[in-house]
Amino acid sequence: MSRERTITLDVNGRRHHTKFPSHRTLLEALRDLGYFEVKCGCEKGDCGACAVLVDGEAVDSCLTLAWTVEGHSITTVAGLGNGEHPHPLQDAFAKSGAVQCGYCTPGFIIAGVSLLRETPNPSHDDIRLGLGGNLCRCTGYKKIFEAVSEVGAAGAGGGRK
């Protein structure tokens, strides 16, 4: 039997005080808290669908224990922007047709935002490496890479602070 821990998670600017078993992953905890934009894909760190930002760095939430990110800022794709003011990468994905079924999209956007913070104007190879932990079965990646490249070239990616 696993010990429960009371933890505080800061997600998209909202603080949640809750109790979880110590083996609960961040993916499970976020979905328990209603953050369904964080997708459950492979549950072993191969697809990137569950990616979130922890202090600005993309992590696979399926491989991260929830209690290990207590005290850190967690951002899901929904925390990047909204319908009126989307993040530039969210806007570029929509405008360029980088979204097909949409299941992988949150993880790709999170990985792209993390990449653009680290490398504000990435080369094609930078994008390939930066998004390498994310899988898509629909688009063939061309439009996804174009969206990231467009945002980087426009200087709208939100580089490192």
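Residues numbered from 1 in each chain as written. Predicted model: local features only at pLDDT ≥ 70, side-chain atom pairs only at ≥ 80, totals over all residues. Heavy atoms only, no water.

1. A word on the packing of aromatic side chains
The line we're drawing: Aromatic pairs are defined between Phe, Tyr and Trp rings, using the six-membered ring for Trp, whenever the two ring centres lie within 6.5 Å; interplanar angles under 30 degrees are classed as stacked, those over 60 as edge-to-face, and all others as tilted. Counting from the N terminus, the helices are the DSSP runs of H or I reaching at least four residues and the strands are the DSSP runs of E reaching at least two. Residue exposure (1.4 Å probe, protein chains only): buried if accessible area is under 20% of the type maximum, exposed if over 50%, otherwise partly exposed. Two thresholds decide whether a charge sits over a ring: the Lys NZ or Arg CZ must be within 6 Å of the ring centre and within 35 degrees of the ring normal.
All chains considered together, the criterion is met by 2 aromatic pairs. Judged by centre distance (5.9 Å) and plane angle (65°), the ring pair of Phe108 and Tyr141 falls under edge-to-face. You can see Phe108 sitting in helix H3 (residues 105-118) and its partner Tyr141 sitting in the loop between helix H4 (124-130) and helix H5 (142-153), a full 33 residues away along the chain. When its relative accessible area of 25% is taken as the criterion, Tyr141 is described as partly exposed. When the ring of Tyr141 is compared with that of Phe145, the centres are 6.5 Å apart and the planes differ by 70°; the resulting orientation is edge-to-face. Three or more aromatic residues link up through ring pairs in this structure, and these residues are Phe108, Tyr141 and Phe145. The ring of Trp67 carries Arg5 above its face, with NZ or CZ at 4.1 Å from the centroid.

2. A closer look at the nonpolar core
Here is the rule we go by: Throughout, nonpolar core names a set of buried Ala, Val, Leu, Ile, Met, Phe, Trp, Tyr and Cys residues whose side chains join them through atoms within 4.5 Å. The contact criterion used is simple: two residues touch if any of their non-hydrogen atoms lie within 4.5 Å.
Counting 24 residues, the largest nonpolar core has Leu89, Phe93, Leu131, Ile144 and Val148 as the members making the most contacts within it. Sorting the residues of this core by element identifies strand S3 (51-54), helix H2 (88-96), H3 and H5 as the ones contributing at least two each. Apart from residues no more than four positions distant in its own chain, Leu131 is found in contact with Phe108, Ala111, Gly112, Ile144, Phe145 and Val148. Counting residues in hydrophobic clusters, the runner-up holds 17 residues, among them Val38, Cys50, Ala66 and Val69.

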